[in-house]
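Structural features, examined
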Amino acid sequence: MAVTLKYPFVKIEAPPEYRGVPHINPRLCIGCGACVNACPADALLRIDDYEKGTRKIVLDVGRCIRCARCDEACPTGAIRMTRNFEVATLDRKDHVEVVELRLHRCPNCGSYTDYTERALEKALQILPEGLFDGDEIRKRAILCRNCRRKLTVDDAVEASREVVE
Amino acid sequence: MKEWARKITDEKVRERYVNEVIERFRDKIIRVERNADNQWMIEIRKEDLPEVIGYIINHPEWKETQLSTMVGADERPLRGKFSLIYWISINGASGDVFFGIKTYISEDDPKFPSVTPIHPGANWYEREVKDLLGLIPEGHPDPRRLVLPDDWPEGVYPLRKDFHYTDSPKREFTDETKYPYREPPKGTAVFPLGPYHVALDEPGHFRLYVKGEEIVDVDYRLFYQHRGIEKIGENRLTYDQVNFIAERICGICGTAHALAYAQAVEAAGGVEVPERAEYIRTVMAEIERLHSHLLNLGLACHDVGFDKGFMDAFRLREHVMWLAERLTGNRKTYGMVVIGGVRRDFLEYRRSMIEKVIRELREGFQKWADQTLSTKTFVKRCEGVGVLSYKDAKRWSSVGPWARGSGRDLDARRDHPFAAYKYLDFKVPVYKEGDVLARCLVRAEEILESIWIIEQALDEMPGGDILAEWKEIPPYQEAVGFTEAPRGEDVHYVMTGEGNRLYRWRIRASTYNNFPALPDAMRGNSVADAVLIIASMDPCYSCTERVQVVDARSGKVRVLTEKELTELSRKASRGV
Amino acid sequence: MSGYERIAFSFIAVCLILFLPPLLDGVARKIKAKIQLRQGAPILQTYYDLVTFLSMEPVYPTERLAFRLAPYIAFASAVSAALVLPYGRVIPVSFTGDIFVFLYVLAMVSIAYMIAGFSLNNTYTNTGANREMMIMLSIEPVLGLAIGTLALNAHTLRIGAIPFAVTFTLSVLLAYGLLAYSVYVEGGFIPFDVAEAEQEILEGVFSEYSGYLLGIFKWALMIKRFALLWLLSSFISIPLVRNIASGALGGALILVIQLMVLFLLYTSIAVIESMNARLRIEQIIRQNAGVFVCSIAVLVLAALGW
């Protein structure tokens, strides 16, 4: 009984538990960058462009060590380990996946924030009802850091003035 | 807990050892501190290093004492000084104690008395701190370069904190930077082996000085594959990330490294690991041992041209690899161990898979062993070859099957029980002959023991959590973590730092302690056996050589025509 | 014997000598693969390898002529050795005293290997050549004495004529055993393949050869193995059927039986090879020295008429 197979002329399926090449589902990715922080091998990068207002999440499978930390960290299940293990290619670019997302723009000052539109949307979506003052948070969350700080200061000044008066 | 485990973790036994050292060197000790359950740190002045270390290592009554690791660190940002710690362990099932003999060395006078003349096992360690930190061991018998490449400039010390991990000094390869190999003894020819050789699985260069086919002496040059893992671990990675990089130190015993690292951090940070996770760690470590030993036994067969044994061993191994793939998601890099526990639980179906595979493996392996040991030509080739005497094994602080084949009765699983080994019952096979056959037999018996350990662990595995929560690890805590990798004890030292990062991480793979003993085992043997002896040590070059960032681009690049290249290689071959 | 028979069988002989050895090698590889539970390479793989080698330019590590000539010398010697053996009832080249020629040209193959090994300043090739020399020096006398014993019994100095004339006595049976042993050792099968040990000395001399020179050298060694085994198979098969086989048809019968025995021998050698590890050179020399003493005793027995 011979055990060698005629691979690659026959197809081989990896077992269901297999941690293969990771893949980002661009529909689900919100560009939060949790995977980037988790990745030990720097296979995932976050590249922001505040001029154009885009964020790129770049996955380079050529650097990936298949530890599946990104899979665990992802809040939306966008990045998943697949069962694919065949990565040989003649072009290194084949190893790179890029997801480009729009950064959120501050409606007040018009500059780009350091989070994406989708991340904001997701954050507002999972906001537990009743626990916080939802409207107040919604009002502030859409602003950039500077404007938010300014608004907070303005509000405080306003409030203190009210107290004084 | 088993009887022997209780005995060696007995607080009284440990205190006896520690008290004796304190009693004897009362006036020399500056500070004593207990870092972890089984680890004592004793600070002394650097002048007293050889005396104190010599006393502990050569103590006539303490069993199988040995230099487990030595750490040099740049603590200038903290204390304005460099530090050195010699970690010495007591083994032989007689008390679970690690002594960390620490000393500080100032920058103005970066010299310290070498311990190597008293204990040769310190040879590599001291050369390494010389290369990487610029601390000079005085009186070292062999102060050649060990770790850094030949053309690395003098005076640049990559593990100092003022060397950024992306730095790459300008290097130029000249005749002067050529490695000073020992002059061949009179009347011998040089038989070069490697760095690229069919039977060496990784690069390493040996110079065999031969008379006819007899090896008279051996010189070597290693460290062809540094990847700067320690430096990266200290600079770029967080505690959790290091685990996965640690696992990739080695292509075979990754889990042993990940586990040693996790245990070091757990000891430093006081993280309690759930019992179920301990059992799962144990099973994974044993599965790793199974495939590693099968690989080594197979290669031993291959090196003597017995390809039937080679193929059979690798086929048995394949089932273990498939099992690991089902359990963890990968054949080799399991990614199971994280600080605080493990990542994947053993579900019921996986458990029955393990049981099935190890049952078949036991049967298949016994058949394999019968077949191989009844192959006369195989036994003839292994018997009496590459003898490493007990004295030499002890002298070089050798570990693992390499040392157990020479009669050293030490096994970190039993002597410093970690993970779930303290609850389990197993034997440590020891042979006195010290030849290749003895080491093969040690490995063969360990395979059967591993199967038995896995069976027990599956039976006794409790329920519950597999991962403990931990929030913050206090900074500047020091500890060592140790595992018994298939090749012997692996020791990881960590000094925690701020900002979720390590301050210092020192990896010591088992081969690091075994390799320097190799020339002793090779002398007097035939060239034909050189490769077999090297394989019987089960060397793991990439484990051993992990330290420095290497930039491959050195000097000018010139494209040679095929003719020029041939001409060059002809010249080179005349030069040998 | 008709001229046609002679021409036809000589032609077949040349074809067998040149083109059968790679097939035998392929069969042996397949058998080893099956024993190791592998699929193994196709049976014709050795032909493919040879074609590849022969179509490639070699790289010369030295300018010495000896290095370039050695493969051709080995090839010519191996073919000559095979030509003095019987194929059916025909011996392509036959003359009194060819027994010595056979031993001589057989040794020439090893000598070519040594010349190549010593023409280079490379420890691996030197060690390979050195080992080849030691093996040759220790086993050629045994082979010589074994054939000599048979020749003494058959009263002929033509190697091809011996199996047609040999009568079975105790010494002849012992000589057969010695012949089988020396053929096995001289053929460089495991555990005696030390001169070309891959793991120890990177296949010795072959580490420096490439392209068609390597192809010719490997081919030469395969032909040498063929010649040795054909000698053994002829000595086994011809005495079995020499009395009933006459004429061209009888010759064909002998040839078929020779071939069958050859394959049988090759198969069993493949099995022995995969069941053994390689020995060390000094172990081999010690063993061969013992066998040599035995072979002298056998010759004495034969001289006494036993």
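Here the structure is a predicted model, which means the values were calculated and not measured. (Residues numbered from 1 in each chain as written. Chains lettered and ligands numbered in written order. Predicted model: local features only at pLDDT ≥ 70, side-chain atom pairs only at ≥ 80, totals over all residues. Heavy atoms only, no water.)

1. What to know about the overall build of chain A
Looking only at helices and strands, one finds five helices and six strands in chain A. Helices and strands in chain A line up, N terminus first, as β-α-β-β-α-β-β-β-α-α-α. Whereas a compact globule of 165 residues would reach a radius of gyration of roughly 15 Å, chain A reaches 22 Å, over 25% beyond that. C-alpha atoms of chain A, sized along the principal axes, occupy 95 × 35 × 25 Å. Put simply, chain A has 165 residues, and 36% of those count as buried. Pairs at least 24 apart in sequence give 65% of the contacts found in chain A among residues at least 6 apart. Here chain A has roughly 10600 Å² of accessible surface; of this, 54% comes from carbon and sulfur atoms. Seen as two clouds, the 27 positive and the 26 negative side-chain charges of chain A have centres 5 Å apart. (Helix = DSSP H or I, 4+ residues; strand = E, 2+ residues; numbered from the N terminus. Rg over C-alpha atoms; globule rule 2.2 N^0.38 Å. Buried < 20%, exposed > 50% of the residue type's maximum accessible area, 1.4 Å probe, protein only. Contact = heavy atoms within 4.5 Å. Areas by Shrake-Rupley, 256 points an atom, 1.4 Å probe, with all protein chains shown as cover. Lys, Arg positive; Asp, Glu negative; His and termini not counted. Charge placed at Lys NZ, Arg CZ, Asp CG, Glu CD.)

2. Structural notes on helix α8 (residues 254–269) of chain B
Note on helix geometry: an α-helix contains 3.6 residues per turn, so any two residues three or four positions apart are oriented the same way. All names here are of chain B. Helix length check: α8 (16 residues) gives 22 Å between terminal C-alpha atoms against 22 Å at 1.5 Å per residue, within 8%. Among the 16 residues in α8, 14 count as buried, and that is most of the element. Just past α8, the residue G270 takes up positive phi, approximately 65°. (Expected span 1.5 Å × (residues − 1).)

3. Brief notes about the state of the cysteines
Residue and element names in this part refer to chain A. Enumeration over the complete set of coordinates arrives at zero disulfides over all chains. With no disulfide partner, C32 has as its closest neighbouring cysteine sulfur the one in C74, 6.2 Å distant. Residue C32 is classed as partly exposed on the basis of its relative accessible area of 36%. (Disulfide = S-S within 2.5 Å.)

4. Here's the deal with the side chain of R160(B)
Residue and element names in this part refer to chain B. Positionally, R160 belongs in the loop between β7 (136–138) and β8 (189–193). E107 is the oppositely charged side chain nearest to the buried, salt-bridge-free R160, at an N-O distance of 4.5 Å. Those residues within four positions of R160 in sequence are excluded, and the remaining contacts are D74, R76, F82, L132, L133, G134 and K231. (Salt bridge = Lys/Arg side-chain N within 4 Å of Asp/Glu carboxyl O.)

5. Some details on the sheet that holds strand β2 (residues 44–49) of chain A
Residues and elements named next belong to chain A. Read from one edge to the other, the open sheet built from four strands follows the order β2-β3-β5-β6, with strand pairing classed as antiparallel. The open sheet has two edge strands with one neighbour each: β2 and β6 (112–116). Averaged over all pairs of adjacent strands, the angle between their axes in this sheet comes to 30°, without regard to strand direction. Two elements, β2 and strand β3 (residues 54–60), share six bridges in a ladder whose sense is antiparallel. Within β3, the position partnered with D48 by the bridge is R55. (Pairing = 2+ DSSP bridges. Axes fitted to C-alpha atoms, helices over the stretch in contact; angles between N-to-C directions.)

6. Digging into the packing of aromatic side chains
Residues and elements named next belong to chain B. Across all of its chains, the model carries 41 aromatic pairs over all chains by this definition. Consider the rings of Y179 and Y181, whose centres lie 4.9 Å apart with planes at 70°: the pair is edge-to-face. Owing to a relative accessible area of 9%, Y179 belongs among the buried residues under this scheme. Judged by centre distance (5.6 Å) and plane angle (65°), the rings of Y220 and F515 are edge-to-face. Here the residue Y220 occupies a position in strand β10 (residues 214–221), and F515 occupies one in the loop between α17 (510–514) and α18 (518–522), the gap between them amounting to 295 residues. In this structure F515 comes out as buried when scored by relative accessible area, which is 1%. (Phe/Tyr/Trp six-rings, centres within 6.5 Å; stacked < 30°, edge-to-face > 60°.)

7. Topic: the side chain of R414(B)
Relative to the assigned elements, R414(B) resides in helix α15 (residues 412–415). A distance of 2.9 Å separates a polar atom in the side chain of R414(B) from a polar atom in the side chain of D415(B). (Polar contact = N/O pair within 3.5 Å; in protein donor to acceptor, adjacent residues only side chain to side chain.)

8. Description of the interface of chain C and chain B
The partner chain B presents 35 residues to the 31 residues of chain C that form the contact. Both sides of the chain C and chain B interface together cover about 2900 Å² of buried area, and 52% of this is carbon and sulfur. With its nearest N and O atoms 2.7 Å apart, the salt bridge here joins R280(C) to D529(B). Remark: the boundary between chain C and chain B carries seven residue pairs in polar contact (both at pLDDT 80 or more). The set of elements that each furnish at least two residues to the side of chain C that touches chain B consists of α5 (123–154), α8 (198–201) and α11 (281–303) of chain C. (Buried area = accessible area lost by both parts, 1.4 Å probe.)

9. Section: the environment of V172(C)
Residues and elements named next belong to chain C. Tracing the backbone shows V172 in helix α7 (residues 170–186). A C-alpha to C-alpha distance of 9.6 Å links V172 and L152, two positions 20 residues apart in sequence. Not counting chain neighbours up to four residues away, the residues in contact with V172 comprise L150, N153, V166 and T167.

10. Considering the packing of helix α9 (residues 275–303) of chain B against helix α11 (residues 348–373) of chain B
All names here are of chain B. Contact geometry for α9 and α11: axes closest at 13 Å, N-to-C directions at 25°. As judged from the angle between their axes, α9 and α11 are roughly parallel. In the packing of α9 onto α11, the handedness of the crossing is left-handed. Contact with α9, carried on its side by V283, L290, L294, L297 and C301, involves I354, I358, L361, F365, W368 and T372 of α11 and no other residues of that element. Residues belonging to the contact of α9 with α11 are distributed by class as follows: ten nonpolar, one polar and no charged. (Parallel < 35°, antiparallel > 145°, perpendicular 65-115°, else oblique. Left-handed = near helix turned anticlockwise from the far one by under 90°. Nonpolar A, V, L, I, M, F, W, Y, C, P; charged D, E, K, R; others polar.)

11. Re the domain arrangement of chain B
Residue and element names in this part refer to chain B. Here chain B is partitioned into domain 1 (3–144) and domain 2 (229–544). Just the C-alpha atoms count here: the centres of domain 1 and domain 2 sit 25 Å apart. Every contact between the two is made by 45 residues of domain 1 and, on the other side, 40 residues of domain 2. Taken together, the two surfaces of domain 1 and domain 2 that pack against each other cover about 3300 Å², and 54% of this comes from carbon and sulfur. Between domain 1 and domain 2 we count three salt bridges in total. When the shortest N-O distance is used, the salt bridge between E64 and R408 registers 2.9 Å. If you list the elements that add at least two residues to the side of domain 1 that touches domain 2, you get α1 (3–8), β1 (29–36), β2 (39–44), β3 (66–75), α4 (76–79), β4 (81–90), β5 (97–106) and α5 (123–133). At ten residues, β3 tops the list of elements feeding residues into the side of domain 1 that touches domain 2. (Domains from an automatic or database assignment.)

12. Some details on the pattern of salt bridges
Residue and element names in this part refer to chain B. Taken as a whole and assessed by the stated rule, the structure comprises 71 salt bridges over all chains. When the shortest N-O distance is used, the salt bridge between E348 and R351 registers 3.8 Å. In this pair, E348 and R351 are both assigned in helix α11, three residues apart and thus about one turn of the helix distant. Classification of E348 by relative accessible area gives exposed; the value is 60%. When its relative accessible area of 23% is taken as the criterion, R351 is described as partly exposed.

13. So, the nonpolar core
Judged by nonpolar contacts, the single largest core of 198 residues is most densely connected at Y86(B), F99(B) and I101(B). Of all the elements, α9(B) adds the most residues to this core, at 14 residues. Mapped onto the domain boundaries, this core takes at least three residues apiece from domain 1 (3–144) and domain 2 (229–544) of chain B. Once residues within four sequence positions are removed from consideration, F99(B) is found in contact with Y17(B), V18(B), V21(B), W40(B), I42(B), I56(B), W62(B), Y86(B), W87(B), I88(B) and I90(B). With 93 residues, the next largest nonpolar core counts F67(C), A81(C), L179(C) and I284(C) among its residues. (Core = buried A, V, L, I, M, F, W, Y, C linked by side-chain atoms within 4.5 Å.)

14. Topic: the environment of F226(C)
Residue and element names in this part refer to chain C. Inspection of the secondary structure assignment puts F226 in helix α9 (residues 211–241). In sequence terms F226 and L304 are 78 residues apart; their C-alpha atoms lie 33 Å from each other. Not counting the four nearest positions on each side in its chain, F226 is found in contact with L16, I17, L20, P21, L24, A82, Y87 and L262.

15. Focus: the sheet that holds β2(B)
All names here are of chain B. If you trace the five strands from one edge of the open sheet to the other, you get β1-β2-β5-β4-β3, paired in mixed fashion. Each edge of the open sheet is held by one strand with a lone partner, namely β1 and β3. Averaged over all pairs of adjacent strands, the angle between strand axes in this sheet comes to 20°, irrespective of strand direction. When β4 meets β5, the two strands line up antiparallel, connected through ten bridges.

16. Considering unusual backbone geometry
Between Y7(A) and P8(A) the backbone carries a cis peptide bond, its omega angle lying at 5°. Tracing the backbone through its elements, the reader meets P8(A) in the segment before β1 (22–24). Put simply, I190(C) and P191(C) share a cis peptide bond, and its omega is 5°. For P191(C), the position within the fold is in the loop between α7 and α8. Unusually for a residue other than glycine, A68(A) sits at a positive phi of about 70°. Position of A68(A) relative to the elements: it lies in the loop between β3 and α2 (69–73). On the basis of relative accessible area, A68(A) is assigned to the buried category, the value being 9%.

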